[in-house]
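Commentary on secondary and tertiary structure
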Amino acid sequence: MEKETEHKPGKKYGMVIDLDKCTGCGSCMAACMAENNVPCKDDESNKLTSITWIRVYRLTNKKPFPETEICYLPKPCMHCGGVGDQGHSPCVSVCPATATDYDHGTGIVSQIYTRCFGCRYCMAACPYHARFFNWWDPIWPADLKKSLSPNVSPRMRGVVEKCSFCFHRYQLAMEKAYVEGRRDLEEVEYQTACTQACPSGAITFGDLNNPDHAVATMKDDPNAFRLLERLQTNPKVYYISSREWVRRAGDNYLKNEPTNSKPRVTAHHG
Amino acid sequence: MSTSNHEAIGLAPDGNPKKSEGSSNGVIVLFFIVGFAVSMAFGWLVFPKLLYSEKNQPFDFNHKTHMDLVDNGCESCHVFREDGTYAGTPTLAQCSDCHQDVQGESKDEEIFVNEYVANNKEVPWLIYSRQPDCVFFSHAAHVKMAEMECKDCHGDIGESESLKVYRENRITGYSQDIWGENIAGIRKNTWDGMKMTDCGKCHEEKMGSKGPCFQCHK
Amino acid sequence: MKIDRRSFLALGLGAAAGTALTPLPWKLTDDISIWTQNWRWLPVPGDGDVTMEIGACTLCPGGCGISVRKVGDRIVKIEGLPGHPVNDGGVCALGISGTQLLYGGSRIKSPMKRSGERGQNKWSPISWDDAIAEVTAQIKTLVEAGKQESLACITGSGSGTTPLLFKRLLAVLGSPNFMTTSSMADSYSAVIRKMHRLSGAVDAGFDFENTGFVLSFGSGIVEGWGSPLRMIRTANDLKTKKVSMVQVEQRLSNTAAFTQALVAVKPGMEADLALGMAAVIVAENLHNASAVGGSSSGFAEFAAMLKQQFSPDAVSAKTGLKSTAIAELARKFADPANRSLAICGRGQGSAPGSMREFMAVHALNALVGRVNTQGGVYAVQAPDYIDWAKDSSMTAAITGKIRIDEAGVGAFAHTDSLLNRLPAKILAKGDSPVGLLLVSEANPVYTLAGTKQVMEAFKKIPYIVSFSATMDETTALADIILPNHSYLERYQDIPVRAGLVKPLINLAKPVAAPQYDTQNVGDVVIKIAKALETPVADAFPWENYEDCLAKTLGDKWEPMKEKGFWTDEAFVPGAGATAFAFPAQLPDEPALAGDEKTMALVLLPKESMRLWGGAVADLPFVLKTVPDTDLKGNQVVVEVNPKTGASLGLADGKEALLTTASGSATVTVTFFEGIMEGVVAIPKGLGHTGSEKYIADKGVNTGDLIAPFEDPVSGLDAAFGTRASLKRA
C-alpha cells in the first residue's frame, strides 16, 4: 500500500464548515442519524450517552447581554491524519483491536464495529469527543426497523461508533463508477448526508488534494482554522469564521497569545 | 500438523516411580490412547456433522439448463442494477418473465410456478455466499474493474444441474461455504472459502495489501 | 489391571492432546467470534432496488418538496427535493424524521371507537364500513333535530382540496362552522385586508430575495418563521450579499446569533419601536411621498398620532432603547437605497400576534414605500384553483348564518376563523354550541393556549370525530377515530401559504403503500357525503378523492404528479392592492397576565428548528438534536440571565418552580448571558402527552402556562408571553 501511495497521491477527503452560515438548525444531525441507522433512546438528554455522529455545539463569547454573541459549531469526526498524514490519528494509534484504521487512499478513519471490543481507549484518546459508545443494544420500536438503510450495518451493545464521512456513499459511488469503467469520482458523486441536508450550504465536502474541488481552495481561506490544531492531529475538518473570538475558541490560547490561523507545525513527511 | 500419533504417544508419562502401588504404565498408556483416539475421531468426524444442520432449498434449480438458454452468462440473471450495485439472486419478477406458466416437465418448476409465481411470493433461497451484515462486497469492483470470473469465488455453480444441500453453521447461522467444505480450512481452489482471510490473501497477491478496513466493511 | 486416578488423568490428557490436533477448538473459536459479532437480535436491513420518489412534506406549513429514498418497498430516508422553489435539496430535522412518523408507534392502525372514559385512551377497533356508518348516523341525527349548525370542523389549514371538502360538507348540511388552526399568516391576512381594504384569500408575501435590509421584530428568520427552509436559504444568500439584518428581540435567539445584530427591546414593545421609528421618519420627512399620498388615506391622522404619542423620549422609555439608536435605525430603514423590509410574527410564526404590532410594522413598511414593491412586502392573492369551492350551492345554505366563533363579521370582519374563541363559547352556560366536531390535521388541544380550559371545553363536546393519522392530544379525546394515511401514503394538494411571493401548490403522493388499515381523509369525507344521500351526496360528484383531485387540478395534475409541485413563475403579486389606509389609532399592546408585584419576570416562549411547536409532535431524531439547555431528563430547562438568576437566589443547572397566572411547573434553570434581565425563556414544543416515551410527559406545554389574550381587532390570540415568578425549589 505504501508503495502505491508513493507514486500516486491518494485522495484526502475533508470538510470545510462555514460557521458564518450555520444557523444551528440541526438538520445535519438528523440527516446523519437517518443515513447511518443511528438509534434513538427514550431519553436523549444525557449528552454523554447520546449518540450523534455530528453534533452542533453552541459557543458564546461570554460577554454580558446585549454584547453576547453565539456561534454554532457542527462537529463530526475530524478524520485526523496525524503529522504528515501518516495515519497516526489519536484513536487509530491506540486501538488494541485494529478496529479503527486510517485509509491512505481516502484519508478516512474507519470504525469496524464487529472488530471493536469496547475498551473505549479510542474515546479517551480522541481530543474531539467524536466517538460514542453503545451502552445498550439499539432498539427500533414499532415498525421503525423498516426505515433502516442496508448501506450501514446497525451496531450492537458494547462497541464504539463515530462519523464515517458517509463512507458507504463513497463505496456506492465507486461501484457506479466501476460499472461505467471509471476509477475516479466527480465532486458531486460523493457527498456526505450532512452536506446534502444543510439548508444553509454551510458544509462543503470534497477531496482536499484535488484542486478542482471547492474544499481545496476554501481550506486556505484566511479565516479558516481547525480545532486544537496545535495538537498536531491534522484534522480534515476545517472551519471558517469571520469572528476572531470564534477562531480563538478553536484552540487553547494564553491570554495574550496571538491567534494562529495556520498550523504551527506543518507536514515534514510525505 | 507435523505431530503424528506415534510421536504423541511418546509424550506419555514415562518411568512412574510407584509402579507397584498404582496402575501399570500399560493401563495409563491405554487410557491415553483411548482418550486421544476418541477425541480425534470426535473432532475430525463427528464435530463437523454436529456443527452444521442441513437445509433444503425451497426447490431445486438447474443452472446448466438456464446457462444454455441465455447469451450473457451469469449476468443474464444475476444482474447489476443501474446504480452499479449487484442484485444477487434474481427476483420473482425476473423469473416470471419466462415462467408465467409451467414450461417443462420438472417437478421443481411446478413448485415454483404454483407456489411462488401464482402467489406473487419471492422465493426464500438459501444463499451459500451470504456474508454477515458488516461486510460490504463490491461485485462491480471485482467483476467489472478487475475482470474476475464469477467462478473465481463461486466455483462451477453455473454448470451444476442441481443445487447442493445448504449446510448451515449452527453457531454462526451462515453457510458452510464461507468456511469451506474442508473442516481444517484447507483450500485447493480459490472458491473453496469466503472468509476475510480468503479475501485478504487474494488482495495481498494482486494489490500488494489487504487494503483499509472500510474497503470491505460497513 | 488397576484403574485409578492416574488412568483418568491419562484419559483426559489424551483427550486434550487429541482435541488440540483436530480443527474443533479453532473452528469453534472462529464460529463463536462470528456469533458474538452478529447477535441475532440485531436487525439486518434488507437489500433491494433503490429508487427515489418525489413527495411533499406536511409536518409544518413551510411547503418543502421531498425526495424519498426507497429500498425495495421500504422508505429508508427522506431528503430535500433538488430544484424545489422552497428548499432546493435542503431539509430540516423534522422533515428528515418523517420516516419515524410513518413507521412509528404513534400511528393509528385502524378505525377505532372509544371504549373507556374520555381521555382514558381505551379503544376498540371497528371496520371502516361501521365507522363511516356511525359518523353518518350521528350527523343525520343532528340534522334531523335541526341542529346542523352545531356541526363543526377544525382543520390545520383552510386551503387545498381536503380542508375544502370538509368545508363543503358542512356548508351543504347548513353549518358555517368550519374552523382552522390560526397562525401568523392569519394575522397578516387580517392586516392586509384591513389596511388595503381587501377581502378574500389574501396573504402577505415577502420578497426577501430582493431586499437590502431586513428588520425583524422578533421573527425567527432562521428558526422556522413562515417557510423555514426558504428563510434559512434566503438569509444565507442575504448574508453572503452582505445585506444587513437586524433582529429586535429579548434574547440571543438563533436568528439574533446569525444576524449578529440584536436590538434588545423590552418584552412586548416591538410595536412601539416600530411606531417610534415611524415617528422619526415622519418628523424628519424621510417617508416616501408617493406612498403616503395618491390612493393612500389617513396619513395626516397617522402622522398626528405619531407626533402626539410616540415622541422619542416616550418611545425610549417604553422600549428601553436610546432615542438616538431608534432614530439611527429609523434613518437606515427609511433610506431608499437600502430597499428595507420589516417583518413581524414571533418565533416560528406558528401563533398569530397582536394587531398593534402587525399594523405598526405594516405601516412602517408602507411609510417608506416598501409595500407591493420589489424587495418589500406584497399582498398576494392565494392560488385560486378549486372551482367547486366557489359554486353557490355551497354557500346558499349558510348565507347569513353567524359562526360560533363570530369570525368574518362585525368586529372580526377581517378574520376567517377564530378557533381560540371556541373554548369559552363551549364552556359558557348551557349546552355546548358544538354538538359534533370533526378534527382533521389539527391538534387544538395541544396548540391552543390555555390548555386546561381547552381540555375542559373539548370534554364538553358531545361527539368528536378525529381523522388523525397519529395519536395526539386531541385524538385522545375523540369518540371515534377514522385514521388518515400518513403524508407519505396519500395524495394531497398543499397550497403553500408561508410568505411566498409566487403561488406554489405542492402535491403529496403515496410514495409508500399504506402500512396500516387507514384511508385518505379525502376519500372518507366523500364516502360520508355519499352515505348522507341527496342533497349532500350530489355536491360530491367524484368517485373518490383521487378523482376529485385530478378533476380539480385539471391540466396541472399530470405535471404535478411528475414534478411534485406547481408554481406560477409569471405571477405578478400585489395586483388590486394599491390603496393603503394608515391607521389613525392603534389597539393597545396585549396585557401580560399576572400580578406584576408577585410575578416580576416575563416568561417568553423560545423556538428553534430543533423543536417544533406545531400540531405534530416532534419525532425521535428531532428530540435527539434538542440540547440539554432545553430539556434535561423529563424536565424543561428555562433560560435566565445570570444576574437575574443570582438576584433570585437560583443556581445554574438546579431546579426551580416557575409560576404564572395559569399554572406552575418545576423546571431546571440554565444561566445564559444572551438573555435580557428579568426575562425567562421556555422552549416551545414540549409537554406532549400520550404513550410514546421518547416525547410524552417531557417538559411542559407553553399553553399550560401562557393564557390566551384576545386581540380586540382580529379576535385572534395575541398573547406573546406572561408574567411569571421563579423560585428555588
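Residues numbered from 1 in each chain as written. Chains lettered and ligands numbered in written order. Predicted model: local features only at pLDDT ≥ 70, side-chain atom pairs only at ≥ 80, totals over all residues.

1. Some details on the overall build of chain B
Each helix and strand counted, chain B has nine helices and two strands in total. Put simply, chain B runs from its N terminus to its C terminus through helices and strands in the order α-α-β-α-α-α-α-α-β-α-α. Classification of the 218 residues of chain B by burial places 18% in the buried group. Taking as baseline every contact in chain B between residues at least 6 positions apart, the subset at least 24 positions apart corresponds to 60%. (Helix = DSSP H or I, 4+ residues; strand = E, 2+ residues; numbered from the N terminus. Buried ≥ 20, exposed ≤ 12 C-beta atoms within 10 Å, placed from the backbone. Contact = placed C-beta atoms within 7 Å.)

2. Some points on the overall build of chain A
The number of helices and strands found in chain A is seven helices and eight strands. With the C-alpha coordinates aligned to their principal axes, the bounding extent of chain A is approximately 50 × 50 × 35 Å. Per-residue burial over chain A gives 52% buried out of 270 residues. Expressed as a percentage of contacts within chain A between residues at least 6 apart in sequence, the contacts between residues at least 24 apart total 63%.

3. Observations regarding the pairing of strand E28 (residues 722–728) of chain C
Residue and element names in this part refer to chain C. Sheet topology note: the strand E22 (residues 601–606)/E28 ladder contains three bridges and is antiparallel. Looking across to E28, one finds that Leu-601 is bridged to Ala-724. Here five bridges tie strand E25 (residues 655–660) to E28, and the two strands are oriented antiparallel to one another. Residue Leu-658 lies in a different strand from E28, and its bridge partner there is Leu-726. (Pairing = 2+ DSSP bridges.)

4. What to know about the environment of Arg-403 of chain C
If you trace the backbone, Arg-403 of chain C turns up in the loop between helix H16 (392–396) and helix H17 (422–427). Put simply, Arg-403 of chain C and Ala-152 of chain C are 251 residues apart on the chain and 9.6 Å apart in space, counted from C-alpha to C-alpha.

5. Details of helix H4 (residues 167–179) of chain A
All names here are of chain A. Over its 13 residues, H4 extends 19 Å from the first C-alpha to the last, a length consistent with the 18 Å expected when each residue adds 1.5 Å. Burial analysis of H4 places 10 of its 13 residues in the buried class, which makes it a mostly covered element. Every buried residue of H4 is listed here: Phe-167, His-168, Tyr-170, Gln-171, Leu-172, Met-174, Glu-175, Ala-177, Tyr-178 and Val-179. Two residues or fewer past H4, Gly-181 is found with a positive phi of approximately 75°. (Expected span 1.5 Å × (residues − 1).)

6. A closer look at the confidence of the model for chain B
Residues and elements named next belong to chain B. Looking at chain B, pLDDT values average 88 and 89% of them are 70 or higher. Low pLDDT, under 50, characterises residues 1–12; the stretch is placed with eight contacts to residues that sit more than four places away or in other chains. Residue range residues 14–20 is modelled with pLDDT below 50. Its contacts to residues more than four positions away, or to other chains, number three contacts. Here the predicted complex carries an ipTM of 0.94, next to a pTM of 0.93. (pLDDT = per-residue confidence, 0-100.)

7. Regarding the sheet that holds strand E1 (residues 13–18) of chain A
Two modes of strand pairing occur in sheets, parallel and antiparallel, and in both the strands are linked by backbone hydrogen bonds. Residue and element names in this part refer to chain A. Strand order in the open sheet formed by four strands is E6-E1-E8-E7, with mixed pairing between adjacent strands. Because the sheet does not close on itself, it has two edges, and the strands there are strand E6 (203–207) and strand E7 (224–225). As judged from the four bridges shared by E1 and strand E8 (residues 237–240), these two strands associate in the parallel manner. Counted as the bridge partner of Val-16 is Tyr-238 from E8.

8. Some details on the interface of chain B and chain C
The interface of chain B with chain C comprises 31 residues on the first partner and 30 residues on the second. No other element matches helix H2 (residues 25–51) of chain B, which puts 15 residues into the side of chain B that touches chain C.

9. Examining the interface of chain C and chain A
Listed as interface residues are 62 residues of chain C and, on the opposing side, 52 residues of chain A. Those elements giving two or more residues to the side of chain C that touches chain A turn out to be strand E3 (74–80), helix H3 (93–96), helix H4 (98–102), helix H8 (228–240), helix H9 (254–259), helix H23 (620–625) and strand E23 (631–632) of chain C. Grouping the amino acids of the side of chain C that touches chain A by side-chain chemistry returns 31 nonpolar, 19 polar and 12 charged. (Nonpolar A, V, L, I, M, F, W, Y, C, P; charged D, E, K, R; others polar.)

10. Considerations on the packing of helix H6 (residues 161–173) of chain C against helix H20 (residues 521–531) of chain C
Residue and element names in this part refer to chain C. As a packed pair, H6 and H20 sit with axes 9 Å apart at the nearest point and diverge in direction by 20°. One finds that H6 runs roughly parallel with respect to H20. For the pair H6 and H20, the crossing hand works out as left-handed. Across from Thr-161, Thr-162, Leu-165, Phe-166 and Leu-169 in H6, the residues of H20 making contact are Val-521, Gly-522, Val-525, Ile-526, Ile-528 and Ala-529. (Axes fitted to C-alpha atoms, helices over the stretch in contact; angles between N-to-C directions. Parallel < 35°, antiparallel > 145°, perpendicular 65-115°, else oblique. Left-handed = near helix turned anticlockwise from the far one by under 90°.)

11. Examining unusual backbone geometry
Cis geometry marks the peptide bond from Phe-65 of chain A to Pro-66 of chain A; its omega dihedral reads 0°. Residue position: Pro-66 of chain A is located in the loop between strand E2 (55–60) and strand E3 (70–75). Even without being a glycine, Glu-147 of chain B presents a positive backbone phi close to 55°. For Glu-147 of chain B, the position within the fold is in the loop between helix H6 (139–145) and helix H7 (151–154). A positive phi angle, close to 45°, is found at Arg-339 of chain C, a residue other than glycine. Mapped onto the elements, Arg-339 of chain C comes out in the loop between helix H14 (323–334) and strand E13 (340–347).

12. Describing the nonpolar core
A general feature of soluble globular proteins is that nonpolar side chains tend to end up buried together. Counting residues in each nonpolar core, the largest one holds 314 residues, and the members touching the most others are Ala-274, Ala-278 and Val-680 of chain C. When residues of this core are assigned to their parent elements, the largest contribution, 10 residues, is made by helix H10 (residues 270–283) of chain C. Apart from residues no more than four positions distant in its own chain, Ala-274 of chain C is found in contact with Phe-217, Ala-342, Ala-360, Val-361 and Leu-364 of chain C. Judged by nonpolar contacts, the second largest core, of nine residues, contains Phe-32 and Met-40 of chain B together with Ala-10 and Ala-15 of chain C. (Core = buried A, V, L, I, M, F, W, Y, C linked by C-beta atoms within 7 Å.)

13. Looking at the sheet that holds strand E18 (residues 492–495) of chain C
Residues and elements named next belong to chain C. On the basis of which strands lie adjacent, the open sheet formed by three strands has the order E18-E19-E20 and antiparallel pairing. Taken across any chain shown, the strands that pair with only one partner, and hence form the sheet edges, are E18 and strand E20 (565–567). Neighbour-to-neighbour, the strand axes of the sheet open up by a mean angle of 15°, direction not taken into account. Relative to strand E19 (residues 504–508), E18 is paired through four bridges, and the arrangement is antiparallel. Bridge pairing in E19 places Asp-493 opposite Leu-507.

14. Some words on the environment of Gly-293 of chain C
Tracing the backbone through its elements, the reader meets Gly-293 of chain C in the loop between helix H11 (289–292) and strand E12 (296–297). Spatially, the C-alpha atom of Gly-293 of chain C lies 10.0 Å from that of Ala-579 of chain C, the residues being 286 residues apart in sequence.

15. Concerning the packing of H10 of chain C against helix H12 (residues 299–309) of chain C
Residues and elements named next belong to chain C. One can describe the packing of H10 onto H12 by two numbers: an axis separation of 9 Å at closest approach and a directional angle of 110°. One element, H10, and the other, H12, form an angle in the roughly perpendicular class. Across the interface between the two elements, Leu-275, Ala-278, Ala-279 and Val-282 from H10 touch Ala-303, Leu-306 and Lys-307 from H12. Residues of the contact of H10 with H12, tallied by class, amount to six nonpolar, no polar and one charged.

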